[in-house]
Amino acid sequence: MADPKKLVEMLKTLEDQLVTCMRCGMCQAQCPVFAQSGREGDVTRGKIALLTGLAEEMIKDPDGVNNKLNRCLLCGTCEANCPSGVKVTDIFLRARAVMAAYTGMSAAQKLIFQKLLTNPGLFNTLLDIGSKFQGIFTKPVDDILGTSCARFNAPIIGDRHFKTLAAKPLHADVPSLDTPAGVSKLRVAFFPGCVVDKIYPSVGHAVLKVLKHHGVGVYMPKGQACCGIPAISNGDVASFQEMVKKNIELFRKGDFDYLITPCATCTSTIKKIWPTYYEDKSDQVALAKIVEKVKDVSAFLVDVLKVSPTDIPGTKTVTYHDPCHLRNSLGVTAQPRTLLQATPGVKFVEMTDAASCCGSGGSFNLKFYELSQEIGRKKAQHVIDSQAETVATSCPACMMQITDMLSKAGASRKVRHVVELYADAL
Amino acid sequence: MTAKALIKDFEAIVGKDNVLTSEADLASYSYDAAVLPNAMPGLVVRPTTSEQLGKTVKLCNDNAIPMTVRGSGTNLSGGTIPSTGGIVVLTTALNRILEINEEDLYAVVEPGVITSKFAAEVAKRGLFYPPDPGSQTVSTLGGNVAENAGGLRGLKYGVTKDYVMGMTFFDVNGELVKSGGKTVKCVTGYNFTGLMVGAEGTLGVYDTITLKLVPPPAAAKAMMAVFDTVMDACRTVAAIIAAKIVPATLELMDNFTIRTVENFRKAGLPTEAQALLLIEVDGHPAMVEEDAAKVEEICKKNKAASVRVAKDANERNAVWQARRDALPALAKVKPTTVLEDATVPRSKIPDMMAALDDIAKKYNLTIGTFGHAGDGNLHPTILTDKRNTEEWHRVEAAIDEIFDRALALGGTLSGEHGIGMAKAKYMKQECGIAAIEYSKRMKSVLDPKGILNPGKLIVG
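A quick note: this is a predicted structure, and the numbers were derived from the prediction, not measured.

(A) Representation of the pattern of salt bridges in the model. Applying the stated rule across the entire model yields 48 salt bridges over all chains. For A:Glu249, the salt bridge identified is with A:Arg252, shortest N-O distance 3.4 Å. By relative accessible area, which is 33% here, A:Arg252 ends up partly exposed. Here B:Arg405 and B:Asp358 are joined by a salt bridge, their closest N and O atoms 3.1 Å apart. Of this pair, B:Arg405 sits in helix H13 (residues 389-408) while B:Asp358 sits in helix H12 (residues 349-362), placing them 47 residues apart in sequence. Its relative accessible area of 41% is what places B:Asp358 among the partly exposed residues. Overlapping salt bridges, with partners in common, bring together A:Lys245, A:Glu249, A:Arg252, A:Asp280 and A:Asp283 in one network.

Okay, structure coming up:
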């Protein structure tokens, strides 16, 4: 498009929301990116002022504003604490869509969003091949964390200590499930999410084990698409529509009481982003049903199945990191901790700033790896200072980031999903 | 645009990374928390050491470029909005606590230290830094000193100026001037420290600040008193003071604020009440008990419909949550929130509350009022939408009248937010022409080129 007039026109549609920011600046106390850079353009108030300036044609350089706009983890901490209740995530997602329409997307973004993530079959096949050959490019660096790094200089990998693709993704072991309700008299739909499926299938297996243990029937359809967050957070609204549509088509066929995910980001995307951005009016009834039923796995176990803390003192020290998308978007903070306290053998210890962002932010980590690491190092230090043997969390993306940071710090702490620990003890 | 050569000079002082020149970066320093038009700076500079700060000031003066020092930009009177094309000097990298002295009860800080972080550090050593402006989780101590910030504890503990023992600051030539010190008593020379506090960056640039610390109170008790009329609440405030009790905090909320907060939090506030008093007494446990009982009795004697004394930490927190919610809840009602801080002698609070009521009716505006009843510092908060030009004119007229009425009651333009750009035009009305002329003469000598935060405090 690249038509400045059109850009201004589209940004003007955000005006009613932009004007709700009273510029008090209290977001400076919350923003993990600002905490690192100390620059006003990195904090929410600054970004909103820049978007306003662009809409009012006071600022002439959209690319400069776009760069600032992308320097956001979408962690939602500022929104959860904003005195004026500014709908920050909504403003930024819409603004990113406007910007993507204006500047266009890179070839890589187009390939990933439009060709791969909207096409689960192709995506799975490609990564299955990738998992077989990745050993050529990578070498293990930490046995406990299970991390690897690049064998030679690879631009995408950089100096990351990453979890390699699982040898066998979840969908290869369990392509689909449709089991009846057991003693619980409940049946849930299971949405593992891309990262659990491809990097942490053990988390998916843990969820299935736990559901079976509690007598919960499972509906897990084959061919699930990405929840859509990578697309929409990069402004690709069209691909987002396609991904959500694919998922609605799959899940509308099932009969279930709840839709469970072990991924904080998938849960909050389905709960908060789908109803706001999914456009097809003919699917609204099916959409509303899914949105109403989606639940984080630990919230399901604690709130619905009433899993409660044990009295037997444990010895294995475990601390907990709050994923932003559970804490800020959904207010889920107590249930994962309760689940840990309900896990035999676990001694739960709180770390300092458990609620601070790990710095992952999905594609933020790819675009601003240095900044992402600076934020992540603080989190790793809090984990180390807690003296816990294991850090548990509720989001596979946080698990990847914390694993990278701990591995680089040479700290051999285990990184596990809360549901894995619970499943281990069953 | 700032000349390339000059940018190079600044880069030579603070390093390339600490000179911001892109349009997006400059635009994000073109405003603060005041409801005023933006002004685009020409350059943003972020010194990381005291030496760099001094050289930055000198370079600005040598080139006669206006400079505005900025911490977190939470100013409510436009004190940190730069001159168009001027230089913004950030203190955010000058954020070290240099010393906390537990024997002599003082601390030395750089100007960019965040207020609540400092208070927490001090508390770790078993000491207390009382000033607690509403923006304390983000505001800087330098900004607090430059604006003489107040807070909820003003009544008993005073405001920022009561805690500044001394400082070093750069004069406009970049020379380091020392003033005051680390002793309780110090009468050496002019009281530059007193002059520099609240000077809004117009006379010099803080390098280090020496702050007084006090022992914390051993106990505290909070309560909430409900009133059927604002006058009863005001009379209660007067009666508490007359009984020689000085609560640490004594806050008032009017009916509109109560309803808005209740609508926001659903904590069970009495929405039919015309006024709430939120009171906390602190000190020695025995005295706290005695004072709390007396205050409760005074409230009842002055027709409080009910008094709820917090029995534990949770209940105490609930009382203060209601107060903390006041601004956020009001701010959600309309897009634009104009937070004023006209202040009157506390005996005149009833008159001021009545005046605000008149003004809201006269200009047909929504005004919620809460504030520090104990020290006469009210926050009439006008809820509006600045895009509605017709209403905005009424808002401006109402603000004028709020100041007129406060001054007529022997009050002041600003209790704690500063004069900045927003209130400079009213200065003559409060201080008189001689004070303005005296300020100008002083300024012309100390800052002959007029580069230190021009357009603030003194105009005309």
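What follows picks up the thread again.
(B) Spotlight on the pairing of strand E11 (residues 249-254) of chain B. Residue and element names in this part refer to chain B. With six of its six residues buried, E11 lies for the most part within the structure. On E11, burial covers both faces: Thr249, Glu251 and Met253 on one face and Leu250, Leu252 and Asp254 on the other are all buried. In the sheet, E11 pairs with strand E12 (residues 275-283) via six bridges, with the strands oriented antiparallel. Directly across from Thr249, in E12, lies its bridge partner Glu280. For E11 and strand E15 (residues 366-372), the ladder comprises two bridges, and the chain directions are antiparallel. Along E15, the bridge assignment pairs Leu252 with Gly371.

(C) Inspection of the domain arrangement of chain B at higher detail. Residue and element names in this part refer to chain B. What the domain assignment lists for chain B is domain 1 (4-90), domain 2 (97-212), domain 3 (217-333) and domain 4 (334-426). With 19 residues of domain 3 in contact, the opposing surface of domain 4 contributes 20 residues. Taking both sides of the interface into account, the surface hidden between domain 3 and domain 4 amounts to around 1600 Å²; carbon and sulfur atoms contribute 71%. Linking domain 3 with domain 4 are zero salt bridges. On the surface where domain 3 and domain 4 come into contact, there are six residue pairs in polar contact (both at pLDDT 80 or more). Those elements giving two or more residues to the side of domain 3 that touches domain 4 turn out to be helix H8 (230-242), E11, helix H9 (255-265) and helix H11 (313-331). Each residue belonging to the side of domain 3 that touches domain 4 can be placed in one class, and the counts come to 14 nonpolar, one polar and four charged.

(D) Structural view of the environment of B:Gly283. All names here are of chain B. Looking at the element boundaries, Gly283 is found in strand E12. You can call Gly283 buried: its relative accessible area is 13%. In the structure, Gly283 is positioned 35 residues away from Ala248 in sequence and 8.9 Å away in space, judged by C-alpha atoms. Excluding residues that lie within four positions of it along the chain, Gly283 makes contacts with Pro217, Ala218, Ala219 and Val288.

(E) Expanded view of unusual backbone geometry. Even without being glycine, A:Arg23 reaches a positive phi, approximately 60°. With respect to the helices and strands, the residue A:Arg23 is situated in the loop between helix H2 (15-18) and helix H3 (32-37). One non-glycine residue, B:Asn364, lies in positive phi territory at about 50°. Within the element layout of this structure, B:Asn364 appears in the loop between H12 and E15. Exposure remark for B:Asn364: the relative accessible area of 59% places this residue in the exposed category.

Cut-offs used in this document
- Residues numbered from 1 in each chain as written.
- Chains lettered and ligands numbered in written order.
- Predicted model: local features only at pLDDT ≥ 70, side-chain atom pairs only at ≥ 80, totals over all residues.
- Heavy atoms only, no water.
- Salt bridge = Lys/Arg side-chain N within 4 Å of Asp/Glu carboxyl O.
- Buried < 20%, exposed > 50% of the residue type's maximum accessible area, 1.4 Å probe, protein only.
- Helix = DSSP H or I, 4+ residues; strand = E, 2+ residues; numbered from the N terminus.
- Pairing = 2+ DSSP bridges.
- Domains from an automatic or database assignment.
- Contact = heavy atoms within 4.5 Å.
- Buried area = accessible area lost by both parts, 1.4 Å probe.
- Polar contact = N/O pair within 3.5 Å; in protein donor to acceptor, adjacent residues only side chain to side chain.
- Nonpolar A, V, L, I, M, F, W, Y, C, P; charged D, E, K, R; others polar.

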